[in-house]
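A closer look at the structure
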Amino acid sequence: MRIRATVAAVSGALALTALAVPAAQAATDSGAPYTLNASFSNVSIAKAIKVGTTNEVTVPYSYTLTHGADVNIAASDFYTDAFLYHGTYSDTEPELFGDNPATCTATSSTTATCKGSINIYPAHSSSDGGLLNAWAGGWSVAAEAIAFNGQNQQSPDMSKVGYKDQSGLGATLVQRNSTLTTTVSSTSVYTGKTFTVSGKLSRANWEDHQYHGFTGVPVQLQFRKAGTSTYTTVKTVTTDSYGNLKTTATANYSGYWRYSFAGYSTTPAVSATGVYVGVK
């Protein structure tokens, strides 16, 4: 559901174009939309969104819609939703929307709680719900509402259509999903002897839809003694030009070894499954 496709200057006046609605694609006819008496607050959305290479990611959200008594949010031609935008809030920056409008439940005559979801399709093109690698990191939340007020959505008199959008309502991270592995040269080692711990850190490439090694990244080698529940960092290892990890460790106690990546704003933290090494 993309309500706001473009709010741009047209011949010196604001015009709302390419409105996406369930019934049909609306087209401007005359005039410009008036500012709808509505505002948005209390936005709730995940702090971070992990996106891989192929699977759709659905991100739920909720917000409070406050509106004038003259705004009928129960009307069949009233629509509202929240969406994400990257960079500054403008028509040229990337935006991520949901497939459907939010569903609103009135909590008073002038307020409602609205819930919906944003749908991200990493396997699609960047113009159709997909992503570019450069967009990983911080995104902001905006919300919008439109009331057609009984206008023909095929050719409305835009001066009778109300529209309101509001940016800067929240923030989240849209991250290139990461994977991490750990392997050992031997699962049974004499006390005090060394063994090799290998692994690989990879992250999603949204443009070729594959995972590639994450190069030049510090990763912690950690150990958990058998019978305990806490991992302790032994040393820091940096991935090579292919994302590979390799170092030696000394076997003093039986327990579990793993690599752990602390994460960046663009790439989520991830820890490999621990591998058991017994001491003889």
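Right above here is the structure, for reference.
Not measured: the values here are computed from a predicted model.

Tallying secondary structure elements over the protein chain gives zero helices and 22 strands in all. Counting contacts in the protein chain only where the partners sit at least 6 residues apart, residues at least 24 apart contribute 66% of the total. For the protein chain, the exposed area adds up to about 13000 Å²; of that, 48% sits on carbon and sulfur atoms.

Let's shift gears to the sheet that holds strand 9 (residues 103-106). Strand order in the open sheet made by the four strands is 4-6-10-9, with antiparallel pairing throughout. The two strands at the open ends of the sheet, each matched to only one other strand, are strand 4 (38-45) and strand 9. Taken over all neighbouring pairs, the strand axes of this sheet differ in orientation by 25° on average, direction set aside.

With glycine set apart, most residues show a phi of negative sign, and most peptide bonds adopt trans. One non-glycine residue with positive phi stands out, namely Asn42, at about 55°. With respect to the helices and strands, Asn42 occurs in strand 4. Owing to a relative accessible area of 58%, Asn42 belongs among the exposed residues under this scheme. For His209, which is not glycine, the phi torsion reads 60° and is therefore positive. Of the residues examined, His209 reaches a relative accessible area of 29% and is grouped as partly exposed.

Attention shifts here to the packing of aromatic side chains. Enumeration according to the criterion identifies 13 aromatic pairs in this entry. Between the aromatic rings of Phe83 and Phe97, the centroid separation amounts to 4.5 Å while the plane-to-plane angle is 15°, which identifies the pairing as stacked. With a gap of 14 residues between them, Phe83 in strand 7 (residues 78-85) and Phe97 in the loop between strand 8 (95-96) and strand 9 connect regions that are remote in the sequence. Of the residues examined, Phe83 reaches a relative accessible area of 0% and is grouped as buried. Residue Phe97 is classed as buried on the basis of its relative accessible area of 9%. Ring-pair connections join several aromatic residues into one group, and the members of that group are Phe83, Tyr85, Tyr89 and Phe97. The ring of Phe214 carries the charged tip of Arg203 above its face, separated from the ring centre by 3.8 Å.

Counting through the fold element by element, Ser202 comes out in strand 15 (residues 194-205). Given the relative accessible area of 9%, Ser202 is considered buried. Excluding residues within four positions of it along the chain, Ser202 makes contact with Asn177, Ser178, Thr179, Tyr211, His212, Gly213 and Phe214.

Below, the discussion takes up the environment of Ala272. The residue Ala272 is located in the loop between strand 21 (270-271) and strand 22 (275-279) in this model. For the pair Ala272 and Phe261, spaced eleven residues apart in the sequence, the C-alpha separation amounts to 8.6 Å. Residues within four places of Ala272 in sequence aside, it is in contact with Leu180, Thr181, Thr182, Arg258 and Tyr259.

Our next topic: the pairing of strand 19 (residues 244-250). The alternating pattern of strand 19 places Leu245, Thr247 and Ala249 on a buried face, while none of Asn244, Lys246, Thr248 and Thr250, on the opposite face, is buried. In this structure, strand 15 lies alongside strand 19, joined through seven bridges in antiparallel fashion. The residue of strand 19 that forms the bridge with Lys200 is Asn244.

Leu84, Ile120 and Leu131 are the most contacted members of the largest nonpolar core, which has 34 residues in total. Secondary-structure elements contributing two or more residues to this core are strand 4, strand 5 (48-51), strand 6 (57-67), strand 7, strand 10 (111-120), strand 11 (137-147) and strand 12 (162-176). Ignoring anything within four residues of it in the chain, the contact list for Leu131 reads Val51, Leu96, Ile120, Ser126, Trp139, Val174, Trp206 and Glu207. Core analysis: the second largest hydrophobic core is formed by 22 residues, Phe214, Val217, Tyr259 and Val270 among them.

Criteria and cut-off values
Residues numbered from 1 in each chain as written. Predicted model: local features only at pLDDT ≥ 70, side-chain atom pairs only at ≥ 80, totals over all residues. Heavy atoms only, no water. Helix = DSSP H or I, 4+ residues; strand = E, 2+ residues; numbered from the N terminus. Contact = heavy atoms within 4.5 Å. Areas by Shrake-Rupley, 256 points an atom, 1.4 Å probe, with all protein chains shown as cover. Pairing = 2+ DSSP bridges. Axes fitted to C-alpha atoms, helices over the stretch in contact; angles between N-to-C directions. Buried < 20%, exposed > 50% of the residue type's maximum accessible area, 1.4 Å probe, protein only. Phe/Tyr/Trp six-rings, centres within 6.5 Å; stacked < 30°, edge-to-face > 60°. Lys NZ or Arg CZ within 6 Å of the ring centre and 35° of its normal. Core = buried A, V, L, I, M, F, W, Y, C linked by side-chain atoms within 4.5 Å.

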